[in-house]
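Take a look at the letters that make up each chain.
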Amino acid sequence: ETNCYDNFELTSCEILEETYEGEGDKEVAKVKFVAKMIQIDSREKTAFMETSTFERAGKHIRGGAWLYKSGEVESVPVDDDDDDDDNDEDDND
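Residues numbered from 1 in each chain as written. Predicted model: local features only at pLDDT ≥ 70, side-chain atom pairs only at ≥ 80, totals over all residues. Heavy atoms only, no water.

### Looking at the pairing of strand β1 (residues 8-21)
Next up, step 1: Bridge count between β1 and strand β2 (residues 28-39): twelve bridges; the pairing is antiparallel. Bridging across to β2, C13 finds its partner in A35.
Next up, step 2: Between β1 and β2, which follow one another and run antiparallel, lie six residues, and G22 among them has a positive phi close to 80°. (Pairing = 2+ DSSP bridges. Helix = DSSP H or I, 4+ residues; strand = E, 2+ residues; numbered from the N terminus.)

### A short note on the confidence of the model for the protein
Next up, step 1: The pLDDT averaged across the protein works out to 85; a share of 83% of its residues lies at or above 70.
Next up, step 2: The weakest mean pLDDT in the protein belongs to strand β4 (residues 66-74) at 95; the strongest belongs to β2 at 97.
Next up, step 3: Across residues 85-89, where pLDDT falls below 50, the model places zero contacts with residues more than four positions away in sequence or in other chains. (pLDDT = per-residue confidence, 0-100. Contact = heavy atoms within 4.5 Å.)

### Some words on the side chain of T53
Next up, step 1: Relative to the elements of secondary structure, T53 occurs in strand β3 (residues 45-56).
Next up, step 2: Those residues in contact with T53, other than ones at most four positions away along the chain, are V28, A29, K30, L67, Y68, K69 and S70.

### Structural notes on the packing of aromatic side chains
Each aromatic ring pair is summarised here by two numbers: the centre-to-centre distance and the angle between the ring planes.
Next up, step 1: The tally for this structure, following the rule as stated, stands at three aromatic pairs.
Next up, step 2: Here Y20 and W66 contribute two aromatic rings whose centre-to-centre distance is 6.1 Å and whose plane-to-plane angle is 50°, an arrangement assigned as tilted. A residue pair is termed long-range when its members are at least 10 positions apart, and Y20 in strand β1 and W66 in strand β4 qualify at 46 residues.
Next up, step 3: Ring geometry for F33 and F48: centres 6.1 Å apart, planes at 70°, overall edge-to-face. Highlighted residues: F33 in strand β2 and F48 in strand β3, separated in sequence by 15 residues. The burial state of F33 is the same as that of F48; both residues are buried. (Phe/Tyr/Trp six-rings, centres within 6.5 Å; stacked < 30°, edge-to-face > 60°. Buried < 20%, exposed > 50% of the residue type's maximum accessible area, 1.4 Å probe, protein only.)

### Examining the pairing of β3
Next up, step 1: Bridge analysis of β2 against β3 gives eleven bridges, and the strand direction is antiparallel. Residue pairing in the sheet places A29 in a bridge with F54 of β3.
Next up, step 2: Linking two consecutive strands that pair antiparallel, namely β2 and β3, is a turn of five residues; a positive phi of about 65° is found at R43 within it.
Next up, step 3: Bridging between β3 and β4 involves eight bridges; their strand directions are antiparallel.

The following block contains the structure:
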(Lines give C-alpha, C1' and ligand atoms only; values in the text may rest on other atoms or scores of the structure.)
Protein backbone atom coordinates (compact mmCIF):
# COMPACT_ATOMS: atom_id res chain seq x y z
CA GLU A 1 0.00 0.00 0.00
CA THR A 2 1.30 3.46 -0.84
CA ASN A 3 0.45 6.88 0.53
CA CYS A 4 0.94 10.42 -0.74
CA TYR A 5 4.31 10.78 0.99
CA ASP A 6 5.83 7.85 -0.94
CA ASN A 7 6.42 10.28 -3.82
CA PHE A 8 8.52 12.63 -1.68
CA GLU A 9 12.04 12.64 -0.30
CA LEU A 10 12.20 14.15 3.18
CA THR A 11 15.19 16.52 3.22
CA SER A 12 14.77 17.94 6.73
CA CYS A 13 12.47 17.95 9.71
CA GLU A 14 13.03 20.71 12.24
CA ILE A 15 11.29 20.59 15.61
CA LEU A 16 10.24 24.11 16.55
CA GLU A 17 8.46 23.50 19.85
CA GLU A 18 7.65 20.65 22.26
CA THR A 19 5.27 20.77 25.22
CA TYR A 20 4.26 18.07 27.72
CA GLU A 21 1.27 17.92 30.06
CA GLY A 22 0.13 15.34 32.56
CA GLU A 23 1.95 12.34 34.01
CA GLY A 24 2.26 8.61 33.40
CA ASP A 25 -0.27 7.13 30.99
CA LYS A 26 -2.17 10.46 31.06
CA GLU A 27 0.78 12.35 29.57
CA VAL A 28 0.15 14.32 26.36
CA ALA A 29 2.82 15.84 24.12
CA LYS A 30 2.47 18.47 21.40
CA VAL A 31 5.25 18.80 18.84
CA LYS A 32 5.41 21.58 16.24
CA PHE A 33 7.73 20.89 13.33
CA VAL A 34 8.55 21.95 9.77
CA ALA A 35 9.09 19.20 7.20
CA LYS A 36 10.89 20.04 3.96
CA MET A 37 10.54 17.65 1.05
CA ILE A 38 11.33 17.21 -2.64
CA GLN A 39 8.82 15.58 -5.01
CA ILE A 40 10.67 12.62 -6.54
CA ASP A 41 9.55 13.01 -10.18
CA SER A 42 9.44 16.79 -10.63
CA ARG A 43 12.12 17.68 -8.01
CA GLU A 44 9.79 20.45 -6.81
CA LYS A 45 10.58 21.60 -3.27
CA THR A 46 7.74 21.88 -0.78
CA ALA A 47 7.28 22.20 2.97
CA PHE A 48 4.61 22.15 5.63
CA MET A 49 4.34 22.89 9.33
CA GLU A 50 2.41 20.59 11.64
CA THR A 51 1.51 20.54 15.30
CA SER A 52 1.10 16.88 16.25
CA THR A 53 -0.53 15.60 19.42
CA PHE A 54 0.70 12.37 21.01
CA GLU A 55 -0.63 10.43 24.01
CA ARG A 56 1.02 7.74 26.08
CA ALA A 57 -0.14 4.22 25.40
CA GLY A 58 -0.79 1.94 28.33
CA LYS A 59 2.21 0.16 29.84
CA HIS A 60 1.15 -2.97 27.92
CA ILE A 61 2.22 -1.32 24.62
CA ARG A 62 6.02 -1.16 24.57
CA GLY A 63 6.14 0.16 28.12
CA GLY A 64 4.00 3.23 27.40
CA ALA A 65 4.98 4.20 23.85
CA TRP A 66 3.81 7.49 22.35
CA LEU A 67 0.79 7.19 20.04
CA TYR A 68 0.02 9.78 17.36
CA LYS A 69 -3.48 11.15 17.96
CA SER A 70 -3.91 14.13 15.63
CA GLY A 71 -2.19 16.85 13.69
CA GLU A 72 -2.92 20.35 12.49
CA VAL A 73 -1.15 21.19 9.24
CA GLU A 74 -0.30 24.80 8.41
CA SER A 75 1.65 26.69 5.78
CA VAL A 76 5.27 27.32 6.63
CA PRO A 77 5.80 30.92 7.75
CA VAL A 78 7.77 32.87 5.17
CA ASP A 79 10.89 34.62 6.43
CA ASP A 80 13.15 37.04 4.66
CA ASP A 81 16.18 34.76 5.02
CA ASP A 82 16.84 32.80 1.84
CA ASP A 83 18.27 29.30 2.50
CA ASP A 84 20.26 29.55 -0.73
CA ASP A 85 21.87 32.83 0.32
CA ASP A 86 25.48 31.97 1.11
CA ASN A 87 26.76 35.48 0.42
CA ASP A 88 27.25 36.75 3.97
CA GLU A 89 30.43 38.59 3.02
CA ASP A 90 29.05 41.93 4.26
CA ASP A 91 30.08 41.00 7.82
CA ASN A 92 33.75 40.74 6.83
CA ASP A 93 34.34 44.45 6.11
